[in-house]
Amino acid sequence: MKTNFKHFFGLLTIALLILSCEPEEVVTQVVVETVAGAEQTIADLPYAKSGFVASSILSTPTSFSYFTNYSSDLPSGAIDLTTNTSSSFSRYFPNTIYKFLAFGPSLDTENLELNRYAVDEETNKIVRAGAIPLSANLSQVLILNDDLGVYTIFDTQSLFLFNPTTMQFIQEIQMPEAMAPKDLGESQANSYFHIIHRPQDNRVFLPLTTNTPVTPQFYEGTDIFVEVVNLNTRSWEKTAVFNGATYPLTRGMENPLVDEQGNIFLLTQGQYSLDFQFGPTAPPSSRPQFLKIPSGGTDFDPDYAFNPVDALGFQNSVAQLCTGSIYDANGIAYAAMTAEADVPRVNELLGLLATGMITDAQFNELVGLVTNSPNMKWTRIDLNAQTAETIADITSTAGFVYPFSYKANGKFYFQVFNPTESINGYYEFDPTTNTSTNIYNISTGGVATQLFILQE
């Protein structure tokens, strides 16, 4: 039984790692060079300033293929990205979008760089529109305004500043007193895959992700640690700590959740049951929670820990998921979360697992059911009232694919993957009418990933 149990979670961990697209290489030396640029304003950059880029990823156990297509109009209907792809590169995975630009890791896998992506006005192809060399894989990037962006790199306790218009490196803010656990050995990595900027006081909050490849759990910490950096003084201030929550990631585009008053809401994932904690008996730390850093403060509210899946009525789910969060207004956010009961086959297979009678084929089946069953729904979340309500006319989506979400022109765009209903694309959601439309699906080219909406 013990061997089978470990095998199941090993398979599940592999599935999560394949889909996470988080860096694997560890380079601790920090050397960032300046890249000069002649442009003075974002508006002057010679790239397409409107239109849409639909993308997808086709994965195998050993490789990934990326496809994109630019169009001047919102994509619609069935799209074959393999025959109508606009660009050729070995990787396309933007971390963040700003106006008509996207920023992420290098478009090739040979270089360690922060790349800026844009659409060439003449060819309508995605191009590398500037780069900053890095000493390690990019962890995350966020653009604050035309003149300032910030980024982090893998396994390095620093925040880096750059100019997104000129793509010039500005400064490294070191954090020698930041939390950097190594209690599980030197292979333990500590990185910041989520960056939150609070404009009300110009502070950046960096939730720590700590993990090691030698254990089945994806997130090894038992608490949440957030580093606080003051951009006015360009210095590290403190570490905020919340006990009893794990894995501070929203997945998708890692959209910061900051309301109009400056309250920060941090979505923590829990453990996806990788810690062997199942259903309603699992501790709160193993399940999704929203945490809160109140406006004007830099510490967590110890009394705010909101599980939206419980609020939706699915306390008994074997593994709760809540991903892809994005903020709207007036305390309202959206996320994709567990919203359907486990299929009977999951409980049947868990029974076989518990008795040590499960076969390898049944292990694989259980992994697929837990991670890829379309049992999640895009959901409206009231962060103040601590309530959750599914969006009725968006179909269910798979449990652990790419929960991308975007806000543009007052509407939201939610990625949905439901093979049973032949949905593999995006819904457009209008919060003023509370209505949704399935706008397009990827017919060929793998799983729909990002929808890059260019705006001036």
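Cut-offs and rules
- Residues numbered from 1 in each chain as written.
- Predicted model: local features only at pLDDT ≥ 70, side-chain atom pairs only at ≥ 80, totals over all residues.
- Heavy atoms only, no water.
- 1 Å grid on protein atoms, 1.4 Å probe; cavity = no way out; pocket = protein on both sides within 12 Å on 5 of 7 lines; lining within 4 Å.
- Points joined across faces, edges and corners; volume = space filled by probe spheres on them.
- Helix = DSSP H or I, 4+ residues; strand = E, 2+ residues; numbered from the N terminus.
- Phe/Tyr/Trp six-rings, centres within 6.5 Å; stacked < 30°, edge-to-face > 60°.
- Buried < 20%, exposed > 50% of the residue type's maximum accessible area, 1.4 Å probe, protein only.
- Lys NZ or Arg CZ within 6 Å of the ring centre and 35° of its normal.
- Core = buried A, V, L, I, M, F, W, Y, C linked by side-chain atoms within 4.5 Å.
- Pairing = 2+ DSSP bridges.
- Axes fitted to C-alpha atoms, helices over the stretch in contact; angles between N-to-C directions.

A short note on the layout of surface pockets
The computed volume of the second largest pocket comes to approximately 930 Å³. Contributing to the lining of the second largest pocket are 30 residues, with Thr96, Ile97, Leu142, Asn255 and Pro256 lying nearest its centre. If you list the elements that add at least two residues to the lining of the second largest pocket, you get β4 (96-98), β8 (138-145), β21 (322-327), β25 (405-408) and β29 (447-454). Looking at which element gives the most residues to the lining of the second largest pocket, the answer is β8, with 5 residues.

Brief notes about the packing of aromatic side chains
The tally for this structure, following the rule as stated, stands at 20 aromatic pairs. An angle of 35° between the planes, with centres 5.6 Å apart, marks the rings of Tyr92 and Tyr117 as tilted. With Tyr92 in the loop between β3 (77-80) and β4 and Tyr117 in strand β6 (residues 113-119), this residue pair connects regions lying 25 residues apart in the sequence. For the pair Tyr92 and Tyr117, a shared accessibility class is recorded, and that class is buried. Summarising the aromatic geometry, the rings of Phe154 and Phe193 are spaced 6.1 Å apart at their centres and angled 40° between planes, so their arrangement reads as tilted. Placement of the pair is Phe154 in the loop between β9 (148-153) and β10 (158-163) and Phe193 in the loop between β12 (189-191) and β13 (196-198), with a sequence separation of 39 residues. Of the two residues examined, Phe154 and Phe193, each falls in the buried class. Taken together, the aromatic side chains of Phe103, Tyr151, Phe160, Phe162 and Phe169 make up a single cluster linked through ring pairs. Positioned above the aromatic ring of Phe100 is the side chain of Lys49, whose terminal nitrogen or guanidinium carbon lies 4.9 Å from the ring centre.

Description of the nonpolar core
Core analysis: the largest hydrophobic core is formed by 106 residues, its most contacted members being Leu114 and Tyr151. The dominant element in this core, judged by the number of residues it contributes, is β29, at 6 residues. Counting residues in hydrophobic clusters, the runner-up holds 18 residues, among them Val309, Cys322, Met337 and Ala339.

Quick notes on unusual backbone geometry
Notably, Asn330 is not glycine yet its phi reads approximately 55°, a positive angle. Here Asn330 is to be found in the loop between β21 and β22 (332-338). Phi at Asn434 takes a positive value of approximately 55°, unusual for a residue other than glycine. By the element assignment, Asn434 lies in the loop between β27 (423-430) and β28 (435-444).

What about the pairing of strand β17 (residues 235-243)?
Bridge count between strand β16 (residues 223-230) and β17: 8 bridges; the pairing is antiparallel. Bridged to Ile224 within β17 is Phe242.

Thoughts on the sheet that holds strand β23 (residues 376-382)
With antiparallel pairing, the 4 strands of this open sheet are ordered in space as β21-β22-β23-β24. With partners counted over all chains shown, the strands left at the sheet margins are β21 and β24 (387-390), one partner each. With strand direction ignored, the average angle separating the axes of adjacent strands in the sheet is 25°. In the sheet, β23 pairs with β24 via 4 bridges, with the strands oriented antiparallel. Bridge pairing in β24 places Thr379 opposite Thr390.

Functional significance is not addressed by these values, which are geometric in nature.
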